[in-house]
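Fold and contact review
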Amino acid sequence: MNGNLYALPAEGVTTTNFCGGPCTEGCVEFAAIPGAADSFMVRDSKPEGVGKELRFTAAELDDFARGWVRDRDLTA
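Residues numbered from 1 in each chain as written. Predicted model: local features only at pLDDT ≥ 70, side-chain atom pairs only at ≥ 80, totals over all residues. Heavy atoms only, no water.

1. Examining the overall build of the protein chain
Looking only at helices and strands, the protein chain features one helix and four strands. Starting at the N terminus and walking to the C terminus, you meet the elements of the protein chain as β-β-β-β-α. Projecting the C-alpha coordinates of the protein chain onto the three principal axes gives extents of approximately 35 × 30 × 20 Å. A buried classification covers 22% of the 76 residues belonging to the protein chain. (Helix = DSSP H or I, 4+ residues; strand = E, 2+ residues; numbered from the N terminus. Buried < 20%, exposed > 50% of the residue type's maximum accessible area, 1.4 Å probe, protein only.)

2. Thoughts on the nonpolar core
Formed by Leu5, Leu8, Ala10, Val13, Ala31, Ile33, Ala36 and Met41, the largest nonpolar core amounts to eight residues. In this structure Ala31 touches Val13, Thr14, Thr15, Ser39, Phe40 and Met41, once residues within four positions along its chain are discounted. (Core = buried A, V, L, I, M, F, W, Y, C linked by side-chain atoms within 4.5 Å. Contact = heavy atoms within 4.5 Å.)

3. Some words on the sheet that holds strand S3 (residues 39–44)
Spatially, four strands are ordered S1-S2-S3-S4 in an open sheet, and the strand pairing comes out antiparallel. The outermost strands of the open sheet, each flanked by one partner alone, are strand S1 (16–18) and strand S4 (53–57). For this sheet, the mean angle separating the axes of adjacent strands, direction not counted, is 25°. Looking at chain direction, S1 and strand S2 (residues 28–32) are connected through three bridges and run antiparallel. By the bridge assignment for S2, Asn17 is matched with Glu29. Its contacts with the sheet place helix H1 (residues 58–71) against S2, S3 and S4, and it is angled at close to 100° to S4. (Pairing = 2+ DSSP bridges. Axes fitted to C-alpha atoms, helices over the stretch in contact; angles between N-to-C directions.)

4. Side note on the packing of aromatic side chains
Where two aromatic rings form a pair, the distance of their centres and the angle of their planes describe that pair. All chains considered together, the criterion is met by three aromatic pairs. Ring geometry for Phe18 against Phe30: centres 6.3 Å apart, planes inclined by 65°, an arrangement best described as edge-to-face. In this pair, Phe18 sits in strand S1 while Phe30 sits in strand S2, placing the two residues 12 residues apart along the sequence. Put simply, the rings of Phe18, Phe30 and Phe40 touch in pairs and so form one group of aromatic residues. (Phe/Tyr/Trp six-rings, centres within 6.5 Å; stacked < 30°, edge-to-face > 60°.)

5. Notes on the pairing of S3
Pairing between S2 and S3: five bridges, direction antiparallel. For Ala31, the partnering residue across the bridge sits in S3 and is Met41. Taking the residues that link successive antiparallel strands as the turn, the S2-S3 hairpin has six residues, and the phi of Gly35 there is positive, at about 80°.

As structure tokens, then:
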């Protein structure tokens, strides 16, 4: 990999959905990027978010997750 996660194909990946409610508005979709170790994509399933995604390394997502849990006083 050349360091550009957005250059990797991810069409047809199977995502995991994380819903915070009844899932009538949409969910956060999450998947590993095939062929790239410790690389992931996150997208919004709402109609306005279709076709848009963010890609991160595991280290970047881990840092985000720790900060999110800390700043919101959550426990995991």
